[in-house]
Amino acid sequence: MLHVEGRILVGPDDVRDELWVLDGRITFDRPRYSADRAETLRGWVLPGLVDAHCHVGLDAHGAVDHDTAEAQAVTDRDAGALLLRDAGSPSDTRWVDGREDLPRLIRAGRHLARPRRYIRNYAHEIEPGDLTAYVVQEARRGDGWVKLVGDWIDRERGDLAPCWPYDALKEAIDAAHAAGARVTAHCFSEESLPDLIHAGIDCIEHATGLTEELIPEFAARGVAIVPTLVNIATFPSIADGADAKFPGYAAHMRDLHARRYETVRAAYDAGIPVYVGTDAGGSLPHGLVGHEVAELVRAGLPVTAALSAATWSARAWLGRDGLTEGAEADFVVYDSDPREDVAALLAPRAVVLRGVRR
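Thresholds, definitions, all that
Residues numbered from 1 in each chain as written. Predicted model: local features only at pLDDT ≥ 70, side-chain atom pairs only at ≥ 80, totals over all residues. Heavy atoms only, no water. Salt bridge = Lys/Arg side-chain N within 4 Å of Asp/Glu carboxyl O. Helix = DSSP H or I, 4+ residues; strand = E, 2+ residues; numbered from the N terminus. Buried < 20%, exposed > 50% of the residue type's maximum accessible area, 1.4 Å probe, protein only. Axes fitted to C-alpha atoms, helices over the stretch in contact; angles between N-to-C directions. Parallel < 35°, antiparallel > 145°, perpendicular 65-115°, else oblique. Left-handed = near helix turned anticlockwise from the far one by under 90°. Contact = heavy atoms within 4.5 Å. Nonpolar A, V, L, I, M, F, W, Y, C, P; charged D, E, K, R; others polar. Phe/Tyr/Trp six-rings, centres within 6.5 Å; stacked < 30°, edge-to-face > 60°. Lys NZ or Arg CZ within 6 Å of the ring centre and 35° of its normal. Pairing = 2+ DSSP bridges. Core = buried A, V, L, I, M, F, W, Y, C linked by side-chain atoms within 4.5 Å.

## Here we look at the pattern of salt bridges
And then number 1: Across all of its chains, the model carries 27 salt bridges by this definition.
And then number 2: Note that R107 is salt-bridged to D97, the shortest N-O span being 2.9 Å. Residue R107 is found in strand β9 (residues 104-107), and its partner D97 is found in the loop between β8 (81-86) and β9; the two are separated by 10 residues along the sequence.
And then number 3: By relative accessible area, which is 7% here, R107 ends up buried.

## Side note on the packing of helix α2 (residues 131-141) against helix α3 (residues 166-178)
And then number 1: Across the interface, α2 lies against α3 with an axial gap of 8 Å and an inter-helix angle of 25 degrees. Between α2 and α3, the angle is such that the two are roughly parallel. Like other packed secondary-structure pairs, α2 and α3 cross with a definite hand, here right-handed. Judged by residue contacts, L131, T132, V135 and V136 of α2 engage A168, L169, E171, A172, A175 and A176 from α3.
And then number 2: By residue class, the composition of the contact of α2 with α3 is 8 nonpolar, 1 polar and 1 charged.

## Focus on the packing of aromatic side chains
Two aromatic rings, taken as a pair, are described by how far apart their centres are and by the angle between their planes.
And then number 1: By the definition in use, this model includes 6 aromatic pairs.
And then number 2: Ring geometry for Y118 against W152: centres 4.8 Å apart, planes inclined by 75 degrees, an arrangement best described as edge-to-face. Placement of the pair is Y118 in the loop between β10 (112-113) and β11 (124-125) and W152 in strand β13 (residues 151-154), with a sequence separation of 34 residues. The pair formed by Y118 and W152 is uniform in burial state, with each residue classed as buried.
And then number 3: Three or more aromatic residues joined by ring pairs form one cluster here, namely Y118, Y122, W152, F188 and F235.
And then number 4: Its guanidinium or amino end placed over the ring of F28, R16 lies 4.5 Å from that ring's centre, counting from NZ or CZ.
And then number 5: Residue placement shows R260 over the ring face of Y261; its charged tip is 4.2 Å from the ring centre.

## Details of the sheet that holds strand β20 (residues 356-357)
And then number 1: Strand order in the open sheet made by the 7 strands is β3-β2-β1-β4-β18-β19-β20, with mixed pairing throughout. The open sheet terminates on both sides in strands that have one partner only, identified here as β3 (25-27) and β20.
And then number 2: Pairing geometry for strand β18 (residues 331-334) and strand β19 (residues 350-353), over 3 bridges, is antiparallel. Within the sheet, the bridge partner assigned to V332 lies in β19 and is V351.

## Things to note about the nonpolar core
And then number 1: Core analysis: the largest hydrophobic core is formed by 90 residues, its most contacted members being L131, L148, I204, L210, F218 and L296.
And then number 2: In this structure I204 touches T184, A185, C187, L193, L196, F218, V223, A224, I225 and V226, once residues within four positions along its chain are discounted.
And then number 3: Counting residues in hydrophobic clusters, the runner-up holds 16 residues, among them L2, V4, V45 and A350.

Without other data, these values stay purely geometric and don't point to any function.
Here's what the structure looks like:
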């Protein structure tokens, strides 16, 4: 049994003074028996944070071994990220579901990309005519999500270019929806977005190519974005490495980076749902969820909105409970109020997962 006192941030406008954990579940009613034997934690409490774009079981070269994947999940847990949307991995991580000490995973199956148009060893590399069949396959393998690679560098063009024709996208996304899955897509550039929107995409990862013309359509259709700003910070170094061979691509990447904050703030102001994701597991380490929240604040989101993008609204979007009566006790305790300074997220006092302090 745990007793938590302080400021329980159940929602942006719902703050309680205490909660109890009984048999791994949350209750706001004081237990009638043995309450005096409970361990007490004090501080500011948020629901377990959400990293809505990471990759457990993946590194810069492809699939990793069991111990490495376990270490990735533990790192996220210790940072307070207790719900992870795994946005594509070649590894079979179903074993994580049997571990009570590791975050919950919501998988998107394996990336779907064009041949030689993505990172080696990451994706099923297929042609457009095979997209629908693979989308259905990955919808079955995943947990309600499928991940497409919407654009990547085209070496003949020397710049970013869309990967899929509209007809293939429309058929595949319709098939995913019929199978009960939502579809998201990796997209850096502007050019790939119109076909994806019109084909019925549910979410765009990175979304650096959002423009003034596209933003209203995103908002009207309710297409979410996961900006992964801690990953977009790598664009200048990517550009530096491409300058000699692909100067157009390098210049494009620098431009997307330069307007990244403006893009995210404009999306938020237009009412586009924005969620926290780090893209950890490729070239970035795990455990960066607090840093990504801080990046959203730097982009101009109100602090409460940035927190919600990693907690209340993110959990609702993914269909998972927050700090509600009877919910699994997954929450994080902080020494100071994260609404005053999101830097508090970088130093959790306690992480409680399935009702156990980890």
